[in-house]
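# Structure assessment
One-letter residues, chain by chain:
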2 protein chains.
Amino acid sequence: MSLVIVGSLAFDTIETPSERRERVIGGSATYCALAASYFTSPYLVGVVGEDFPQEVIKLFQHRGIDLTGLEVKEGRTFHWEGRYGHDPNHRLTLKLELNVFGDFHPSLPRKYRQAGIIFLANIDPDLQEEILHQVVNPRLVAMDTIDHWIKNKREALFRVLKKVDILLANEEEIKLLTDEINLIRAGRKILQLGPELVVIKKGEHGALVLGEGWVFGVLAHPCEEVIDPTGAGDCFAGGFLGYLDRVRQLSQRAIKRAAVYGSVMASFAIEDFGIERLKNLKEEEIKERFLEFKKLVSFA
Amino acid sequence: MSLVIVGSLAFDTIETPSERRERVIGGSATYCALAASYFTSPYLVGVVGEDFPQEVIKLFQHRGIDLTGLEVKEGRTFHWEGRYGHDPNHRLTLKLELNVFGDFHPSLPRKYRQAGIIFLANIDPDLQEEILHQVVNPRLVAMDTIDHWIKNKREALFRVLKKVDILLANEEEIKLLTDEINLIRAGRKILQLGPELVVIKKGEHGALVLGEGWVFGVLAHPCEEVIDPTGAGDCFAGGFLGYLDRVRQLSQRAIKRAAVYGSVMASFAIEDFGIERLKNLKEEEIKERFLEFKKLVSFA
């Protein structure tokens, strides 16, 4: 079908309780595209400055990621700086330099407009809508968002929600969006806002998928040390949508397996800083971890 | 093998955001024994006052619960009063009247001392130890505890931990006990304190079972409204240990299935106030819910 991924490419400066890393490669589209690249050849839409390393561009190409939709602009790449506490689910944004991302208004390349799956990673909902105007009858549109847009662009966000098939968001965002504490009730509320499916990412507790009349749950991979949680959610989306693109099916079974592959990719992402762990995964490692997820919940 | 359950029997006055119920029947041993009674005929050890309703005694008998170890003492039954917020995982104790439970020092009936499985529900660790001195080579000893004992009787608690095979406790208690935020690391630490197995109850996120070299996870039953969370953990223990007693096996497979039955019983408990839902469950309902738990995580 082909999968278009729209989002940010960035330098991240990351502080964890044990380490600080300056300007590692990050961004929602970066993580998502790399994760998806193990299942399909995604189309990337984003913008970088002239300072973006050529070796990362080469890595993208090597991983089969289509870069026709990647703009290289005069100026500097988006830069985020954040700090994680002992609880990796909580982070503080210390600095945000939008740079070339500030006036990002992509015009999708012609072949991207016919794609079967569109993923709108966490960006301004107005921008998400702009992109939806450019695509022609996609089979599946998925989106992510963050608390910032829920708090400050609620109306635009609700407008986009009406037009998408899947919302992927984390537990706190889902609760904030629906004003519900109970996750099942919150999920059902989302299904009334437009999406046919909601994926609730719960960090160390795994993820829930809710559709009309059914629920599916994935556990998180048992992990004793989260090195860097950045990008885990985007990698979930990459594995999830990449798998759906590969199997060209949207059956309940495919969606469940996709959610497990999403969790698989997220579980790799947190094992090292930035995209380190995602650069060179082997088929075998992914398969093996998929089986570990199976074993984790099997009691037959 | 036979299963001995030692804990409290109580009147609970419960406030939830939508309702207040006065003096419903509660207590860790009550919940645990009722849940276990769907799998085996547990032996109950506890104390009640003269005000404890005869109809509940009859219910216990009807459910095949052995009451040789139940003392009826002059005075009033233990009374707890608590309030739940919108988040059912957080509760506030408003009142605690120990009454006859205040000087509870049970002497186990002879036939109880030979039992295969001993469950020490949440009581003073000194009392838990007292009971362990009375039993003869049990095949399995499991215990629960709460934050109060972790904070105020740490030494005694660590002494008991050395002597038990399984610790069942909730997420917050496990973190408090180990001073760890990461649950997998916390669980592994528990395994170094004595138990061979730790069961971490996570409310709406389900439960994790950790043994030497393996992890198993159960999701919570998707529940849109928790009517009364009281007793869910004790019902988990009842289903878990009741099942193990029934199958007379401690294999990994049996333990995994036991954890699912624990979750099944906990999921019933929260559907109504007090023990209402646990009085008259049908075989069929339990079987059906077990299958729902399977469906919830199956992706083959």
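Attention here is on the structure that accompanies the text.

Procedures and definitions
- Residues numbered from 1 in each chain as written.
- Chains lettered and ligands numbered in written order.
- Predicted model: local features only at pLDDT ≥ 70, side-chain atom pairs only at ≥ 80, totals over all residues.
- Pairing = 2+ DSSP bridges.
- Helix = DSSP H or I, 4+ residues; strand = E, 2+ residues; numbered from the N terminus.
- Axes fitted to C-alpha atoms, helices over the stretch in contact; angles between N-to-C directions.
- Parallel < 35°, antiparallel > 145°, perpendicular 65-115°, else oblique.
- Left-handed = near helix turned anticlockwise from the far one by under 90°.
- Contact = placed C-beta atoms within 7 Å.
- Nonpolar A, V, L, I, M, F, W, Y, C, P; charged D, E, K, R; others polar.
- Least-squares fit on C-alpha atoms with pLDDT ≥ 70 in both.
- Buried ≥ 20, exposed ≤ 12 C-beta atoms within 10 Å, placed from the backbone.
- Arc of directions from axis to C-beta.

## Regarding the sheet that holds strand β3 (residues 20-26) of chain B
Residues and elements named next belong to chain B. Read across the sheet, four strands follow the order β3-β2-β6-β7 without closing on themselves; strand pairing throughout is mixed. On the outer flanks of this sheet lie β3 and β7 (91-97), each paired with one strand and no other. Recorded for the sheet is a direction-independent mean angle of 20 degrees between the axes of neighbouring strands. Two strands pair when backbone bridges link them, and strand β2 (residues 10-15) and strand β6 (residues 79-84) are joined in this way by five bridges, in the parallel orientation. Residue Thr13 lies in a different strand from β6, and its bridge partner there is Glu81.

## Brief notes about the sheet that holds strand β7 (residues 91-97) of chain A
Residue and element names in this part refer to chain A. The four strands are arranged β3-β2-β6-β7 in an open sheet whose pairing can be described as mixed. Since the sheet does not close on itself, it has two edges, and those belong to β3 (20-26) and β7, each with one partner. Here the average twist between neighbouring strands, direction ignored, is 20 degrees. With six bridges joining them, strand β6 (residues 79-84) and β7 adopt antiparallel strand pairing. Along β7, the bridge assignment pairs Tyr84 with Arg91.

## Observations concerning the packing of helix α9 (residues 252-269) of chain B against helix α10 (residues 283-297) of chain B
Residues and elements named next belong to chain B. Their axes nearest at 9 Å, the elements α9 and α10 cross at an angle of 115 degrees. When the axes of α9 and α10 are compared, the pair comes out roughly perpendicular. The two elements α9 and α10 cross, and the hand of that crossing is right-handed. Note on element contacts: α10 touches α9 through Ile286, Arg289, Phe290 and Phe293, opposite Val260, Tyr261, Ser263, Val264 and Ser267. Taken together, the residues that form the contact of α9 with α10 break down as six nonpolar, two polar and one charged.

## Section: the relation of the copies chain B and chain A
Placing chain B over chain A gives an RMSD of 0.0 Å and needs a rotation angle of 180 degrees, together with 0.0 Å of translation along the axis. Overall, the copies show the geometry of a two-fold rotation axis. Both copies contact each other with a shared surface, as 100% of the interface residues of chain B are interface residues in chain A too.

## Let's talk about unusual backbone geometry
All names here are of chain A. Residue Asn137 is not a glycine yet carries a positive backbone phi of 45 degrees. The topology assignment puts Asn137 in the loop between α3 (125-132) and β9 (140-144). What makes Asn137 exposed here is the crowd of 7 C-beta atoms within 10 Å. With a phi close to 50 degrees, Arg248 is a non-glycine residue in the positive phi region. Counting through the fold element by element, Arg248 comes out in the loop between α8 (232-247) and α9 (252-269).

## Section: helix α7 (residues 183-191) of chain B
Three or more residues of α7 of chain B are buried, namely Leu183, Ala186, Gly187 and Ile190 of chain B. With its buried residues spanning 100 degrees around the axis, α7 of chain B presents them on a single face.

## Looking at the interface of chain B and chain A
Listed per partner, the contact involves 24 residues of chain B and 24 residues of chain A. Of all the secondary structure elements, the ones that give two or more residues to the side of chain B that touches chain A are α7, β13 (214-218), α9 and α10 of chain B. The class makeup of the residues in the side of chain B that touches chain A is 12 nonpolar, four polar and eight charged.

## A few points about the pairing of strand β13 (residues 214-218) of chain A
Looking along a regular strand, one sees the side chains alternate between the two faces of the sheet. All names here are of chain A. The sheet contact formed by strand β12 (residues 207-211) and β13 spans five bridges and is antiparallel. When the bridges of β13 are listed, Leu208 appears paired with Gly217. Between β12 and β13, which pair antiparallel in sequence order, lie two residues; one of them, Gly213, sits at a positive phi of approximately 80 degrees.

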